[in-house]
Amino acid sequence: MSELRIAIVGFGKIARDQHVGAIAATPGATLAAIASHHGSLPGVPYFTSIEELLEKGPPIDAVSLCTPPQARRAAAVAALAAGKHVMLEKPPGTGVAELDPLIALAAEAKRTLFAAWHSRYAPAVEPARQWLTTRHIKSVHINWKEDVRVWHPGQAWIWEPGGLGVFDPGINALSILTRILPEPVFVTAAELAFPANCQAPIAAKLSLADIDGLPVTAEFDFRQTGPQSWDIAVETDRGQMTLSGGGRRMSIDGNAAAEAPDEEYRELYRRFVKLSDTGVSNVDLTPLRLVADAFLLGKRIIVEPFVD
């Protein structure tokens, strides 16, 4: 297997905080170029757009799309048409249907399209999934609340149509939920709080269920200050299992059961390298479908304007 030469497209906060270091730490991967309107990295070839990258850039095998979701579909089309493998940061797009042509295009080009649900690679997620396989689940509650000014400073795109608002982090919880539960769930009701000056919600409450009526509730909020909350509590016939820290820690009835350092993005790139070696795609749209259904079913409530 040769080195996978990767270009990052969109060099914002998540690319700087996570992708650069993860690529550097992944055997078989190397950062070959950056295309972005928002800055460069010393020593790495830089281009202002994916079109310029593909026309004038160094040889690359893959692109990692870290742009806002509104720009990902067009960038993915350009990359796949040029014969490159593609990783899509989460959410993979602004809508569910726009991904189907990309999946078909990747298959036709025999290239990998990878929807990167990074929270599924948190260290306690798989132990939680395995623990739940032998239990009867009674209920699930998600409490996913963070300070948007800390985690998304100055990111106006998140409040625009397709930016998802509080579902940008909330979809991480849904990606974990749909990984650890043994049966599919669907949205039954939702309440979405929109700031008066924004096109995306700042908070949301969801009710979900599986085919047997398992009650699942979720609370998402971008207005949390102080300690941040990224927790999923699962009541079973043999105790309560809690995932906290975004899936980094697992406890059973309050007792630590699993914990490890955060290597979510390293695991993503390890997976991307393996997939790219075979040309196989991995695009699970389940978390995005749940968000789309929340918008379809959601009762809209107008709250105070948001000022960053």
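Residues numbered from 1 in each chain as written. Predicted model: local features only at pLDDT ≥ 70, side-chain atom pairs only at ≥ 80, totals over all residues. Heavy atoms only, no water.

### Comments concerning the packing of aromatic side chains
What the rule picks out here adds up to seven aromatic pairs. On the basis of an interplanar angle of 65° and a centroid distance of 5.7 Å, the ring pair of W159 and F222 is categorised as edge-to-face. Of this pair, W159 sits in the loop between α6 (148-151) and α7 (167-180) while F222 sits in the loop between β10 (216-221) and β11 (229-236), and the two are 63 residues apart along the sequence. Taking the relative accessible area as the measure of exposure, F222 reaches 1% and is therefore buried. Through successive ring pairs, a cluster of aromatic residues spans F114, Y269 and F272. The ring of F194 is capped by R300, whose NZ or CZ atom sits 3.8 Å from the centre of that ring. (Phe/Tyr/Trp six-rings, centres within 6.5 Å; stacked < 30°, edge-to-face > 60°. Helix = DSSP H or I, 4+ residues; strand = E, 2+ residues; numbered from the N terminus. Buried < 20%, exposed > 50% of the residue type's maximum accessible area, 1.4 Å probe, protein only. Lys NZ or Arg CZ within 6 Å of the ring centre and 35° of its normal.)

### Structural notes on unusual backbone geometry
Across residues other than glycine, the phi torsion is negative in most instances, and most of the peptide bonds are trans. The linkage connecting K90 with the following residue, P91, adopts the cis geometry, with an omega of -10°. Mapped onto the elements of the fold, P91 is located in the loop between β5 (85-88) and α4 (99-109). The phi angle at D253 is positive, at roughly 50°, despite the residue not being glycine. Secondary-structure assignment places D253 in the loop between β13 (249-252) and β14 (255-259).

### Comments concerning the pattern of salt bridges
Applying the stated criterion across every chain yields a total of 14 salt bridges. Between R120 and D284 there is a salt bridge whose closest N-O contact spans 2.8 Å. Of the two residues, R120 is situated in the loop between β6 (113-115) and α5 (125-132) and D284 in the loop between α8 (264-278) and α9 (286-297); the sequence distance between them amounts to 164 residues. According to the relative accessible area criterion, D284 is partly exposed, its value standing at 23%. (Salt bridge = Lys/Arg side-chain N within 4 Å of Asp/Glu carboxyl O.)

### Here we look at α8
The end-to-end C-alpha distance of α8 is 22 Å, a good match for the 21 Å that 15 residues give at a rise of 1.5 Å each. Buried residues of α8: E264, Y265, L268, Y269, F272, V273, L275 and S276, and no others. Those residues of α8 hidden inside the fold are in contact with β1 (4-9), α1 (13-24), β2 (29-35), β4 (62-65), β5 and β6. A positive backbone phi angle near 80° is found at G279, which sits one or two residues after α8. (Expected span 1.5 Å × (residues − 1). Contact = heavy atoms within 4.5 Å.)

### Some details on the environment of G162
Examined against the element boundaries, G162 turns out to sit in the loop between α6 and α7. Taking relative accessible area as the criterion, G162 reaches 22% and is therefore assigned partly exposed. Spatially, the C-alpha atom of G162 lies 9.8 Å from that of A71, the residues being 91 residues apart in sequence. Residue contacts for G162: discarding those within four places in its chain leaves P69, Q70 and T94.

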